[in-house]
Amino acid sequence: QNYLDNFWPDLKAAHELFDSILQARRERESESQENNGKEYPEHLPVEILEAGIKSGRYIQGTLNVNKHRAQLEAFVRPQGFGSKETG
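Residues numbered from 1 in each chain as written. Predicted model: local features only at pLDDT ≥ 70, side-chain atom pairs only at ≥ 80, totals over all residues. Heavy atoms only, no water.

Peer 1: What exactly am I supposed to notice about a nonpolar patch on the surface here?
Peer 2: On the surface, Tyr3, Phe7, Trp8 and Leu11 cluster together into a nonpolar patch covering about 480 Å² of accessible area. Take Trp8: its relative accessible area is 42%, and that puts it in the partly exposed class. (Patch = residues over 30% accessible without salt bridge, like charges linked within 9 Å, V, L, I, M, F, W, Y side chains within 5 Å. Areas by Shrake-Rupley, 256 points an atom, 1.4 Å probe, with all protein chains shown as cover. Salt bridge = Lys/Arg side-chain N within 4 Å of Asp/Glu carboxyl O. Buried < 20%, exposed > 50% of the residue type's maximum accessible area, 1.4 Å probe, protein only.)

Set out below in structure tokens:
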């Protein structure tokens, strides 16, 4: 803000862009506070997930995403499966 005010006081577009970015940042921080500091809201409560894992309804594992095709390729490796095991 100081830089724009001191060196580019007449550049209206830059001031509008700065204000827009500042507003978006404030909204994101506000949403983060509403979610208790978590970036994404939980889909299911922890208790339900733990019960689902114990009952076998859900599988706990590691999500692996293809860094080159992240939108198209991902899989979950269940816990307890080594790199040589198949299932």
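Peer 1: Please clarify how the pattern of salt bridges should be interpreted in this entry.
Peer 2: Oppositely charged side chains can pair when the atoms bearing their charge come close. Per the stated rule, a full pass over the model turns up three salt bridges. Taking the shortest distance from any N to any O, the salt bridge between Lys12 and Glu16 comes out at 3.9 Å. Of this pair, Lys12 and Glu16 both sit in helix H2 (residues 12–34), four residues apart, which is roughly one turn of that helix. For Lys12, a relative accessible area of 58% gives the class exposed. Among the residues examined, Glu16 registers a relative accessible area of 45% and is labelled partly exposed. Taking the shortest distance from any N to any O, the salt bridge between Arg69 and Glu73 comes out at 2.8 Å. Overall, the relative accessible area of 41% leaves Arg69 in the partly exposed class. (Helix = DSSP H or I, 4+ residues; strand = E, 2+ residues; numbered from the N terminus.)

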